[in-house]
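Each chain, written out:
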Amino acid sequence: MEQLRTIGRELAMGSQGGWGQSKEFLDLVKSIGEARSKAEEDRIIARELEHLKRRLADPDVPRRKMKELLLRLVYAEMLGHDASFGHIHAVKMTHDESLPLKRTGYLAVALFLDERHDLVILVVNTIQKDLRSDNYLVVCAALTAACRLIGEEAIPAVLPQVVELLAHPKEAVRKKAVMALHRFYQRSSSSVSHLVSNFRKRLCDNDPGVMGATLCPLYDLILEEPNSYKDLVVSFVNILKQVVERRLPTSYDYHQIPAPFIQIKLLKILAVLGSGDKQASGHMYTVLGDIFRKGDTASNIGNAILYECICCISSIFPNPKMLEAAAETTSKFLKSDSHNLKYMGIDALGRLIKINPDIAEEHQLAVIDCLEDPDDTLKRKTFELLYKMTKSTNVEVIVDRMIEYMINITDHHYKTEIASRCVELAEQFAPSNQWFIQTMNKVFEHAGDLVNIRVAHNLMRLIAEGFGEEDEGADSQLRSSAVDSYLRIVGEPKLPSSFLQIICWVLGEYGTADGKYSASYIIGKLCDVAEAHLTDDTVKAYAISAIFKIFAFEIALGRKIDLLPECQTLVDELSASHSTDLQQRAYELQALLGLDKNAVESVMPADASCEDIEVDRNLSFLNSYVQQALENGASPYIPESERSGVISVGSYRSQEQQETSSHTLRFEAYEMPKPSLPLATSQTSMSTPTTDLVPVTEPGYYKEDHQTSKSQPPGDAVSGEFGVKLRLDGVQKKWGRPTYSSSTPSSLASSQQTTNGASHSDGGGSSSQPRESSYGSKRQQGTEVSAEKQRLAASLFGSAAAKADRKAQASRKTAKDSPSTEKVATTNVTAQPVKEQVIPAAPPPDLLDLGDEPVSSNPPSADPFSQLEGLLGPASAAPVLSGTPATSTSKAPDLMSIFSGDVPTGVASGSTDPTLGDVNSTSSHKGATAVASKKGPSLQDALQKDATARQVGVTPTGNNPNLFKDLLG
Amino acid sequence: MAKERRSVESLSDLWRAGAEQAHREVEDDGVEQQRSKQAGRDDEMTIRFVLFVNKQGQTRLAQYYEHLSLDERRALEGEIVRKCLARTDQQCSFVEHRNYKVVYRRYASLFFLVGVDNDENELAILEFIHLFVETMDRHFGNVCELDIMFHLEKVHFMLEEMVMNGCIVETSKQNILAPIQLMEKTS
């Protein structure tokens, strides 16, 4: 039976006279359709391409055959194979006289080529010619092609004709001309800027199709400069009103909703025009209210309009009544079982809270349900909402959640986005430095390579600066906790490079500061880091510098320490490194070990990373040395710029100074003697440890990020370098130190819980328990779910409410707050089991909803668009095709016949039964009237066709029955 | 009419899942850059592509409204289909992918996917897909995957009538089909 159906179908496809589809084509499609794997498909196409190459080389291919070959090329490219050898044939086909061939040619060119492709220039001429055709369908084809293929340079070639066509008697042509002009505007707005008034004119076209299409360019124009189009507000409102009142031809109806896509476009336009404009918005309220009132919440399309309405209301000048209606609809979305509607609801809520943050409160539990939903799309959308509603009161909960979610994301694009959002929120709202550091650690641990390196520098700076001088104890506590956590984490494999840099730096600066860990222990750890990351020079540089610092601190304290063997290995290895930077650092370390206590102390003072380094740029302390040299007969220094022949080098150097980034090409070898001077200085500064001023030359200062700070004395190389590496300029210090200086996490949590009554009322857990731990146990305790959600809700929303309280009357609102959350708690408990039962809900009914077809497709030709009085002039748009209504009306009984035919026979599975009807369906191409009589299952017919099919030689296997499945069935 | 029970497809069905993955990830960055460049150019566009892909991951129709190279298309199609196939019917019909939002709908064995901008009305696009399918159904009569394969160019012509410059321009089935039917008559 299956096979029969297959044969019948294929035969029907193939046997149509005039369609020119050969057996070859059918076989190709069949084999692609039945291909079981990508590899098989690839083989088929590779063979096909060989074949096509041969065929296309033949100069005498008949035109119809050519069309088929071209479609086979389209198939090859669609399936991912290069068929560029055939592109020229597509271009050739656009010249064809026959419309189907010409259109196929244009289509293929548009599919194959980009407007910048060389071959496209050959098509421009054809488009020009076709725009002048007497056959309006040819003109339409040319305009469609113009939208795809006319690039910026070619616009003038066709522009006059396109403008002329805006007044063409055929509405289909006017519509396409509008869109072509729209395309030119997108490509190059200047080339058509004098023509935009045409769009205004076409808005009043008496054909609704042209009017609807004109909304697209107008929307773009209005987005660009809304103020120039304020005068159209009334017109748009009028059109919308008439659409809502069903004044458009019913052929625009979709599932009983009048022209929904035009409505949506109009709402988008109104949203832009009404934004921040009280007067313009005033015109819109009535029609928006109408749409809400008539809103159909049972269908997707009805909800799509309502959603667009909410967007519009949240964008225009706020109106309490409208907002109320919008909030009501939003809550319907959120309460819906459909995930699609929930998604729209979350988005709508995100828009509404911008105007009134209190709206979110009502939906706390719905939002948390969405947050915990396994559906990733919904979850993401909810995080977007949370991001929008983050405040200093709920930032901890939200960012913790985000990080928890971020850890498991595999998609780099999204992980980067959410990581940067975490950083942004933490920087903006961090309640305490401690929290900030912990949060950043988590972000770096899991997404360190995805966040901006600036953030890492910021974090190091924060640890170094601490809370400020007046609270030195807390600073050191902060640092030792950082050291503790880093020592714990440092052994883990696969830590991101930027995080390792932070770890190394902190361990170097503060690893031994509190005396908890011995220097050799820290050094051992640092050596491990350097060894574990052989390929990462930056990390190695950080590690060796950290070791350097620890040695310096130890020596300064007068303790004698030995170079551990692994450390010695590391130093030896780095001294021979290809990287001059690492070499330099290693040699500096070795040099340091030979210095005495005083020298080391001044070279590398403890905890001095925040101290300013004074730089004597003139190197004035060398004056006497220079003087002496001159007196001894040395030739005086001539600045580079005054020397002949080295100007280019000099200018390059100055350029180099501007760029802080590293260069792969290094020019050290050609440098003038300049660097040797400071090198000499370093010796001086070391031998005279009392000198406070440490000279650093300008270029070295800039370059040292990735290059050796050759010009610096070793001691300063480290502290100075971190002064630079922490690129502090432009990094705002956003967290407020003084306000929170006393807040340890526990006191913060408790203080917050006293402020919001909600978390007390649920009575779950001890109030002093930190929230983080309660999330951890969430999964195991199913029964406590609602209590957990309560708590989460309270921390997300309740605290927000509490904040609002402070602004209003505190006592009244807290009293109101607690009963409301209690109420929500109970509804949540009841909602839980209900939800579980409802899950296998039926898919949206409209999938099967063919029943409305006859209704919607029965355009009473007596219902002309002329009823759009007022704005649009009177005219009658008679249906273009008289045949269409006949076809569609005949369909309803036809569908019925399929059903009735199915039930008694009961062949095969129900899902494929309707395809019986398909056997003859393609005969509909022969003529609309034939369809009705021929449709329906006919076993005899199919058998006959089977026989003929086998005679013809097409022997389908029916390998892939899916091919025959009714899409709407 | 018995509704086909939709089941969660096992990912093993997908031929693209395996070896190509690594290759694609290498490409990702390049594609990304290219796309954001493109996005900058036609930022007014709402629909960026329309795809029909069956549940084996085989492309049945592809129309892009911005230029992507063959490799980029292949990669994009593979990634998106994998994402969509991994989802259940209860989950929402929208998937975020890079800087696109993909709205998809499944009919029998075929997925219809539309890639849109981030601020597009997803529900409306979902219904646009249905409108497209209804339009094809009206033309072909009980449209099936094979109809689309045999009449690829006609399906493209319908889409050309409905979407221009990435915007929905025509939603009346009658107007969409008129030029195609006229063309058939005259040829």
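Reading guide: rules and limits
- Numbering of residues starts from 1 in every chain and runs along the sequence as written.
- Written order determines the labels here, with chains lettered from A and ligands numbered from 1.
- Thresholds applied to this predicted model are a pLDDT of at least 70 for local features of residues and 80 or more for the giving and counting of side-chain atom pairs; totals over whole chains, interfaces and linings are not thresholded and use all residues.
- Just so you know, side-chain values use all the structure's heavy atoms and leave hydrogens and water out.
- Think of a salt bridge as a Lys or Arg side-chain nitrogen and an Asp or Glu carboxyl oxygen that are within 4 Å of each other.
- Numbering of helices and strands runs from the N terminus; a helix is a DSSP stretch of H or I covering at least four residues, while a strand is a stretch of E covering at least two.
- For this analysis, a nonpolar core means a set of buried residues of the types Ala, Val, Leu, Ile, Met, Phe, Trp, Tyr and Cys, connected via side-chain atoms within 4.5 Å.
- Partly exposed residues are those whose accessible area sits between 20% and 50% of the maximum for their type, while under 20% is buried and over 50% is exposed, using a 1.4 Å probe and protein chains only.
- In what follows, residue pairs with any heavy atoms lying within 4.5 Å of each other are defined as contacts.
- Each patch groups residues whose relative accessible area exceeds 30% and which form no salt bridge, using 9 Å between like charges and 5 Å between nonpolar side chains of Val, Leu, Ile, Met, Phe, Trp and Tyr.
- In this description, accessible areas are obtained by the Shrake-Rupley approach with a 1.4 Å probe, and a residue is regarded as covered only by the protein chains that are shown.
- Strand pairing is assigned whenever DSSP identifies at least 2 bridges connecting the two strands.
- Under this scheme, a helix contributes an axis fitted over its contacting stretch, all axes are lines through C-alpha atoms, and angles between N-to-C directions fall in the 0 to 180 degree range.
- Side-chain rings of Phe, Tyr and Trp (the six-membered ring for Trp) are treated as a pair once their centres are within 6.5 Å; stacked means planes under 30 degrees apart, edge-to-face means over 60, and tilted covers the remaining angles.
- Either the NZ atom of lysine or the CZ atom of arginine qualifies as a charge over a ring when it sits within 6 Å of the ring centre and within 35 degrees of the ring normal.

Asker: When you look at the pattern of salt bridges in this model, what are you seeing that I'm missing?
Answerer: Opposite charge on two side chains lets them pair, provided their charged atoms get close. All told, the structure shown has 49 salt bridges over all chains when counted by the stated rule. Of the charged contacts, one joins Lys-176 of chain A and Glu-161 of chain B as a salt bridge, the two residues approaching to 2.7 Å between their closest N and O atoms. Remark: Glu-161 of chain B occurs in helix H5 (residues 152-162) and Lys-176 of chain A occurs in helix H10 (residues 171-187); the pair is interchain, linking two chains. Linked through salt bridges whose partners overlap, the residues forming this network are Glu-24, Glu-48, Arg-55, Lys-65, Glu-68 and Arg-72 of chain A.

Asker: Before we go on, may I ask you to explain the nonpolar core in this structure?
Answerer: As a rule of thumb, nonpolar side chains are buried together in soluble globular proteins. Counting 303 residues, the largest nonpolar core has Ile-127, Phe-184, Phe-236 and Tyr-486 of chain A together with Phe-112 and Met-136 of chain B as the members making the most contacts within it. When residues of this core are assigned to their parent elements, the largest contribution, 13 residues, is made by helix H29 (residues 537-556) of chain A. Discounting residues that sit within four places of it in the chain, Phe-236 of chain A has contacts with Leu-203, Leu-215, Leu-218, Ile-222, Leu-266, Ile-269, Leu-270 and Leu-273 of chain A.

Asker: Hey, could you run me through a nonpolar patch on the surface in this one?
Answerer: Residue and element names in this part refer to chain A. Together, Ile-88, Ile-121 and Leu-122 line one region of the surface with nonpolar side chains, adding up to about 260 Å² of accessible area. Within the fold, Leu-122 resides in helix H7 (residues 120-131). Residue classification places Leu-122 among the partly exposed residues on the basis of a relative accessible area of 41%.

Asker: So what exactly am I meant to see when it comes to the sheet that holds strand E4 (residues 100-107) of chain B here?
Answerer: Strand pairing in a sheet takes place through backbone hydrogen bonds and is either antiparallel or parallel in direction. All names here are of chain B. An order of E2-E1-E5-E4-E3 is seen for the five strands of this open sheet, with the pairing classed as antiparallel. Looking along the sheet, the strands with just one partner apiece sit at the ends: strand E2 (59-64) and strand E3 (94-97). Averaged over all pairs of adjacent strands, the angle between strand axes in this sheet comes to 20°, irrespective of strand direction. In this sheet, strand E5 (residues 110-116) lies alongside strand E1 (residues 47-54) in antiparallel orientation, the contact comprising seven bridges. Bridging across to E5, Val-53 finds its partner in Phe-111.

Asker: It is not clear to me how the pairing of E2 of chain B should be interpreted in this structure. Could you clarify?
Answerer: Looking down a regular strand, the side chains alternate between one sheet face and the other. Residues and elements named next belong to chain B. Across the six residues of E2, six count as buried, placing the element largely inside the fold. Sheet topology places E1 next to E2; five bridges connect them, and they run antiparallel. Of the residues in E2, the one forming a bridge with Val-50 is Gln-63. Once E1 ends, the chain turns through four residues before running back antiparallel as E2, passing Gly-57 with a positive phi of about 85°.

Asker: For this particular structure, what's the right way to read the packing of aromatic side chains?
Answerer: Geometrically, a pair of aromatic rings is defined through the distance of the ring centres and the angle of the planes. Residues and elements named next belong to chain A. Within this structure, the stated rule accounts for 15 aromatic pairs over all chains. One Lys or Arg, Arg-380, reaches over the ring of Tyr-414 and ends 3.7 Å from the middle of that ring. Sitting over the face of the ring of Tyr-387, Arg-421 holds its NZ or CZ atom 4.2 Å from the ring centroid.

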